[in-house]
Amino acid sequence: MTISYKWLSEYLPVTVEPERLSRILTSIGLEVESMTNYEEVKGGLQGLLIGEVLSTEKHPNADKLTLTKVSVGNGEPLQIVCGAPNVATGQKVVVATVGTTIYPSTGDPLTMRVAKIRSVESHGMICAEDEIGMGNSHDGIMVLPADVKVGMAADEYFQPYDDIIYEIGLTPNRMDAMSHWGVARDVCAYLSHHDKKDIKPKLPNANGFKVDNTSLTLDVQVENEKACPRYSGVSIANVTIAASPKWLQQKLKAIGLRPINNIVDITNFIQHETGQPLHAFDINKIGGNKIIVKNLAEGTSFITLDEKKRTLSAEDLMICDANEGMCIAGVFGGQHSGVTDTTKNIFLESAFFDAVITRKTSFRHGLRTDAASRFEKGTDISATVNVLKRAANLIKEIASGEIASEIVDIYPTVKPKTEVAIKWHFIKKLSGKNYHPDAVMDILNSLGFEKLKEGIDELRVAVPYHKPDISLPADLVEEIVRIDGLDNIEIPNSITITPSVEEQYEKEIFREKAANYLVGQGFNEMMTNSITNAAYFSEEELSSMVTMMNSLSAELNILRNSLFETSLEVVAHNLNHKNNSLRLFEFGKAYNTSGSGKPASPAGRYAEAEKLCLVITGNKNEDSWKEKAVAADFYNLKGAVNTVLTLLGLTADAIETFEVPKLDNHIVFKLNNTIIAGAGTVKKNILDKFGIKQPAYFAELNWEVISELAAAQKNKVKEIPKYPAVQRDLAMIVSNDLTWDEVQKTVEKVKLNKLQDIKLFDIFESEKLGTNKKSLAVNFTFQDEEKTLTDKEIDGWMNKIMSSLEKELQAEIRK
């Protein structure tokens, strides 16, 4: 939610400094996520002066340049070279003197300095509107009225609008704060409580509403009263569609809205002022002078304001005329009934639509509008008429309209206020603080609650219509604590807790163990969204993925089936911010539709699995005086996967190549014939899709399976061997196609109990070895826990190994 400081201050009877206001908002639960300065004109025209062109003459060395003398009201006239075709003697102009920084509409800021232009010095610039951010025209310099005072500061003359903008992180239940007046109500409640004064917000003015005539009375009917419990409206004739006045445009721009025309701008203004969405219909386009609020048949086609044809559900509430639908109620207008430049008469709608129905319709059609976001949280059903009067008065004032009907207000069943009873001791129990009953009532009164009954141990209040989320005693405690200040919650001297006993705690231990190791190896943990973009996947992949029925956006519309794509988004983001060497890991969920379950239970068709992914790109180490940077490679990734498995007491009994569409040199780690991890090099075409211009390596571990296998392991403790290990090296020439996995398996077949470890420590390739040949250097470690090994024993084992390698792999042992 975007809040303007100046706009909000109009409803506060006292001045609150911006910094204090920020603290108050956060304290009452309206967390300020950002507080930024807004400038209608970037740079605020600071340093620019109003000048007068005293003389002009042709530049001696350029036909299209003019040499001018310009007075800025202090000292000698400035010599300025100007390229504008419209510069002339006697003009009042905007001048950027030497040292002044200008902020063009497009491009970077520019600081004026003395410059030689075709051998003639120029001491500043006579400005066009696009050169100082006041427009997009570059046809010529800005020429001001003749009565403007020379030497006046440009910001004093133009008075560009500035403001302070707060971005507030609203929780979904706080619809009452989705407007400037709603926020002002909370701020005043806080000030009243803490400053011990009765401070009430200034109400938006709805006084002075008067019906001028009844020449445009429409027949309004509500057929679906459940979906539309209250519908209000009024006709306004002879409006003049034009640009909005400056003050209105400035307020809307400050909160990020684009001014359109005076009628549309007023409806947007009222929505952000009061929280009540409005909609304006062109009366001349309403068939049969009739408005009917109803549902249309399933499958009915309707073209919305964005010119898209949509197929309606029978559950969608529509605003219709005598012939067809005109608007999806509370969500989006239709193409043919809205206000245009030729509109003369309008019907202004102010209604209360059911929150659940509005939300379902909004998501069904992918229309996440400001109006829908308010209706789906619940608006103030009691405010429709007052807001309508406020808007009608503004339209009369700004668009010269006439109120041409009585207010239509169809409200067949008046909604009763919710009543909540709360025990005094419950307030203390939940808040941890002793509140005096008078303080509690003052807070609730300032928020609009009505006291119904007050007893020795209980208080009963009626909840105001603008707080539809409040229905429980705990909700009242929240309101009291908010206004008292969330940062004023007392911390007790002692805390009583009941320790929880977890039965399956091993998984968390394994997770922490793996994370600590990875962090120690220079990895950083990332957290990504499990909802991703379907555009990343092929049709074949999409067939087994979980698609979102009501997606958050076009880019977030499917649940990931792997952590691969979301991790590459993080890599791309970091590379774009010059973080070129990355080691990242994440524990996260992946989803697919291969879960088991009865067909009658949709949830049973889906499965989720926890994964651990590792990503490496860039250098293994950075440049230093001691060593040069070395690029990370696939083997760094493979080593990390192996070590994580080893930490959990697991050793893959097979490592095999396994071709996949998105990774080169992909290998899988198997244990008990089950794939527990996979690793590979990200393919070039995939890197290009994400804008990654350097190699990246990705591994994904099936953490659920790994956790279960690790939990089943029995830890063993044994004495450190007393006798030394013995190492022997062996070099052999083998085929270039031979993999290290084949060498390991061949040695394992010899079944030497005293062989503790086998490592590859060198690979040498040369034409001197023969065609398609390479040399492998391997280290063997032998150890007997009961005695010292002899050379004779070791030689015998080495001979068996060499014989097996020669026979099975046609290896040539190098002497």
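Fair warning: this is a prediction, and the values are worked out from it, not measured in the lab. (Residues numbered from 1 in each chain as written. Predicted model: local features only at pLDDT ≥ 70, side-chain atom pairs only at ≥ 80, totals over all residues. Heavy atoms only, no water.)

## Section: the overall build of the protein chain
Using the following cut-off: Helix numbering and strand numbering both begin at the N terminus, where a helix is a DSSP run of H or I of at least 4 residues and a strand a DSSP run of E of at least 2. Note on method: radius of gyration uses C-alpha positions; expected globular size equals 2.2 Å times residues raised to 0.38. Between buried and exposed lies partly exposed: a residue is buried under 20% and exposed over 50% of the maximum accessible area for its type, with that area taken using a 1.4 Å probe on protein chains only. In this description, contact between two residues means that some pair of their heavy atoms is separated by no more than 4.5 Å. Surface accessibility in these figures is a Shrake-Rupley result with a 1.4 Å probe; residues are shielded only by whichever protein chains are displayed.
Along the protein chain, the regular secondary structure elements total 20 helices and 43 strands. Its C-alpha radius of gyration of 37 Å places the protein chain more than 25% over the 28 Å reference for a compact globule of 815 residues. Along the first, second and third principal axes, the C-alpha atoms of the protein chain reach 115 × 90 × 65 Å. The buried share of the protein chain, reckoned over its 815 residues, is 48%. Considering only intrachain contacts with a sequence separation of at least 6, the fraction spanning at least 24 residues in the protein chain is 70%. Here the protein chain has roughly 42,500 Å² of accessible surface; of this, 48% comes from carbon and sulfur atoms.

## Quick word on the packing of aromatic side chains
Short version of the rule: Aromatic contacts are taken between Phe, Tyr and Trp rings whose centres are within 6.5 Å, Trp giving its six-membered ring; a plane angle under 30 degrees counts as stacked, one over 60 as edge-to-face, and the others as tilted. The criterion is that NZ of a Lys, or CZ of an Arg, lies within 6 Å of the ring centre and within 35 degrees of the ring normal, and then a charge sits over that ring.
One pass over the full model with this rule turns up 12 aromatic pairs. With centroids separated by 4.9 Å and ring planes inclined at 5°, the aromatic side chains of Trp7 and Phe269 adopt a geometry described as stacked. Linking Trp7 in helix 1 (residues 5-9) with Phe269 in helix 6 (residues 262-274), this pair joins segments that are 262 residues apart in sequence. The same class applies to Trp7 and to Phe269, which are both buried. Ring-pair connections join several aromatic residues into one group, and the members of that group are Trp7, Trp247 and Phe269. When the ring centre of Tyr161 is taken as origin, the NZ or CZ atom of Lys6, which lies over that ring, is 4.9 Å away.

## As for unusual backbone geometry
Not every positive phi belongs to a glycine, and Leu45 is a case in point at roughly 60°. Looking at the element boundaries, Leu45 is found in the loop between strand 2 (31-39) and strand 3 (49-58). With phi around 75°, Ser119 is a residue other than glycine that occupies positive phi space. Structurally, the position occupied by Ser119 is in the loop between strand 9 (115-117) and strand 10 (120-122).

## Things to note about helix 18 (residues 703-712)
At 3.6 residues per turn, the α-helix brings residues three or four places apart onto the same side. Applied cut-off: Each direction from the helix axis to a C-beta atom contributes to the arc, which is the arc of those directions.
Residues of helix 18 that are buried include every one of Trp703, Ile706, Ser707 and Ala710, and no others. For helix 18, the angular spread of the buried residues around the axis is 100°, confining them to a single face. Contact partners of the buried residues in helix 18: helix 13 (506-520), strand 32 (582-592), strand 33 (607-617), helix 16 (634-647), strand 38 (674-682) and strand 39 (696-702).

## Some thoughts on the packing of helix 2 (residues 18-27) against helix 4 (residues 180-195)
The cut-off we apply is this: Note on method: axes are straight lines fitted to C-alpha atoms, helices fitted across the in-contact stretch only, with angles between N-to-C directions ranging 0 to 180 degrees. Oblique is the label for every angle not falling under 35 degrees (roughly parallel), over 145 degrees (roughly antiparallel), or within 65 to 115 degrees (roughly perpendicular).
At their nearest, the axes of helix 2 and helix 4 sit 10 Å apart, and the two run at 95° to each other. The angle between helix 2 and helix 4 falls in the class roughly perpendicular. Across from Arg20, Leu21, Ile24, Leu25 and Ser27 in helix 2, the residues of helix 4 making contact are Val183, Val187, Tyr190, Leu191 and Asp195.

## Some points on the pairing of strand 14 (residues 230-237)
The condition that has to hold: Paired strands, as defined in this entry, are two strands with at least two bridges between them according to DSSP.
With 8 of 8 residues buried, strand 14 is to be regarded as a mostly interior element. Residues Arg230, Ser232, Val234 and Ile236 point to one face of strand 14 and Tyr231, Gly233, Ser235 and Ala237 to the other, with burial holding for every one of them. As defined by bridge partners, strand 14 adjoins strand 22 (residues 346-352) across 7 bridges and the pair is classed as antiparallel. When the bridges of strand 22 are listed, Ser235 appears paired with Phe347. With 3 bridges connecting them, strand 14 and strand 24 (residues 408-410) associate as antiparallel partners. Directly across from Tyr231, in strand 24, lies its bridge partner Ile410.

## Some remarks on the environment of Phe698
Tracing the sequence through the fold places Phe698 in strand 39. According to the relative accessible area criterion, Phe698 is buried, its value standing at 4%.

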